[in-house]
Amino acid sequence: MNKVKVGNRFIGDGERVYVIAEIGINHNGSLENAKKMIAGAKEADCDAVKFQKRTPELCVPKDQWYIERDTPWGRMTYIDYRHKVELTYDDYKEIDRYCNEIGIDWFASCWDEDSVDFIEQFNPKLYKAASASLTDINLLKKKKSTGKPLMISTGMSTMEEIENAVAEIGSDNLMIAHSTSTYPCKLEELNLRMILTLKQMYPSCPIGYSGHETGLAPSWAAAAIGANFIERHITLDRAMWGTDQAASVELEGFNRLVKNIRDIEISLGDGIKKLYDSELGPRKKLRRV
């Protein structure tokens, strides 16, 4: 069975699609923005929200530290900007408290090993590895070493890189997300049938979809062909500052996204032909032989 236990529930075939609203860094360093998106995700019936955590000195190449750029907070060096959009320990403490209070999971994509240690203080139910981290085997092993389920994303990767990552870290307690790392992504580059390919390759792993397209139809299609989890970026306003905002879904859109995913998973049924009680009247009236 391709099921992984996350908290008190399972992700996998036969289970409710696990819907993740990726806040990422769309909060722009604001706890208030983050909490508004958490509340919106909960109202939309999402199962989890996800953040991105970086240690800027480890994730930003040193030759880019002092390049100046214009930001909503004025002109500053890139390293200062990266610190500006990182949430603090106190911010995450409040996020942890708030998510527990309203009943929604939260976790993070950690981009370096120090960030794993930082997030581990809050005992998240799982971890995510971004597509950019798929070939960082030491980082993947660090996340697996926590004993928490690990979700890996496969954008910007070759099949050989995917196979090598799974071989190195093992398929136990592992979830794999098909993705294309373009923001926003063209429809012709989404390649949703890769979800089916990954299901055949790794039958013991829940397979999902991390989408960066504009619009909602591809995410609904992913649910219809069997994605066990679906992740989309969430934002308060697609016009806000930030590289991910244009490929994100606003709160009203997230309500439609999740409602239709729930309708799709109900309507798919179990594939066993039935004669329903509701058909008996029309059957008696319309069948002649």
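For clarity, every value in this text was computed on a predicted model and none was experimentally measured.

Peer 1: How should I be thinking about helix H7 (residues 159-169) in this particular structure?
Peer 2: What sets the pattern is the α-helix's 3.6 residues per turn: residues three or four places apart point alike. Of all the residues in H7, the buried ones are Ile 162, Ala 165, Val 166 and Ile 169. For H7, the arc enclosing every buried residue in end-on projection is 95°, short of the 170-degree limit, so these residues lie on one face. Facing away from the buried surface of H7 by more than 90 degrees, the exposed residues are Glu 160 and Ala 167. Where the residues of H7 are buried, they touch helix H6 (137-144), strand E9 (150-153) and strand E10 (174-179). Note on H7: the residue one or two positions beyond its end, Gly 170, has a positive phi of about 85°.

Peer 1: Please clarify how the pairing of strand E11 (residues 207-211) should be interpreted in this entry.
Peer 2: Side chains on a regular strand alternate between the two faces of the sheet. With five of its five residues buried, E11 lies for the most part within the structure. Burial along E11 is two-sided: Ile 207, Tyr 209 and Gly 211 facing one way and Gly 208 and Ser 210 facing the other are all buried. Pairing between E10 and E11: four bridges, direction parallel. Bridge pairing in E11 links Ala 177 to Gly 208. Where the polypeptide runs from E10 across helix H8 (residues 194-201) and back to E11, its parallel neighbour, the crossover connection is right-handed. Handedness of the crossover joining E11 and strand E12 (residues 229-235) through helix H9 (residues 217-224): right-handed.

Peer 1: How do you make sense of the pattern of salt bridges when you look at a structure like this?
Peer 2: Any two side chains of opposite charge can pair, so long as their charged atoms come close to each other. What the rule picks out here adds up to 26 salt bridges. Across the pair Lys 141 and Glu 168 runs a salt bridge whose closest N-O atoms are separated by 3.5 Å. Of the two residues, Lys 141 is situated in helix H6 and Glu 168 in helix H7; the sequence distance between them amounts to 27 residues. Several salt bridges share partner residues, and in doing so they unite Arg 9, Arg 16, Asp 45, Asp 47, Arg 262 and Glu 265 into one network.

Peer 1: It is not clear to me how the state of the cysteines should be interpreted in this structure. Could you clarify?
Peer 2: Two cysteines, two sulfur atoms, one covalent bond between them: this is a disulfide. Summed over the entire model, instances satisfying the criterion amount to zero disulfides. Of the cysteine sulfurs around Cys 110, a residue in no disulfide, the closest is that of Cys 59, at 9.7 Å.

Peer 1: What is the right way to look at the side chain of Ser 115 in this model?
Peer 2: Its place among the elements puts Ser 115 in helix H5 (residues 113-120). A residue is classified by how much of its surface remains accessible, and Ser 115, at 0% relative accessible area, is buried. For Ser 115, the residues in contact, after removing those within four places along its chain, are Lys 53, Arg 54, Thr 55 and Cys 110.

Peer 1: Looking at this structure, how should I read the nonpolar core?
Peer 2: Considering soluble globular proteins, one finds that nonpolar side chains tend to be buried as a cluster. Membership of the largest hydrophobic core comes to 62 residues, with the highest contact counts inside it found for Val 49, Phe 51, Ile 152 and Phe 254. Among the elements that take part in this core, helix H10 (residues 251-268) stands out by supplying five residues, more than any other. Excluding its chain neighbours within four sequence positions, the residues that come into contact with Val 49 are Ala 21, Ile 23, Ile 38, Ala 41, Cys 99, Ile 104, Asp 105, Trp 106 and Phe 107.

Calculation rules
Each chain has its residues counted from 1, running along the sequence as written. Under the rules for a predicted model, residues below a pLDDT of 70 receive no local features and side-chain atom pairs below 80 are neither given nor counted, while totals for whole chains, interfaces and linings still include all residues. Computation of side-chain values: all heavy atoms of the structure, hydrogens and water removed. Relative accessibility under 20% of the residue-type maximum defines a buried residue, over 50% an exposed one, and the middle range a partly exposed one, all with a 1.4 Å probe and only protein chains included. Strands here are runs of E lasting at least two residues and helices are runs of H or I lasting at least four, both read from the DSSP assignment and numbered beginning at the N terminus. As used here, the arc belongs to the directions running from the helix axis to the C-beta atoms. Contact between two residues is taken to exist if any of their heavy atoms lie within 4.5 Å; hydrogens are not considered. Here, any two strands with at least 2 DSSP bridges between them count as paired. With the strands aimed away from the viewer, a crossover counts as right-handed if its path from the first strand over the helix to the second runs clockwise. By convention in these notes, a salt bridge is any Lys or Arg side-chain nitrogen within 4 Å of a carboxyl oxygen on Asp or Glu. What counts as a disulfide here is a pair of cysteine sulfur atoms lying within 2.5 Å. We define the nonpolar core as a collection of buried residues of types Ala, Val, Leu, Ile, Met, Phe, Trp, Tyr and Cys that are connected through side-chain atoms lying within 4.5 Å of one another.

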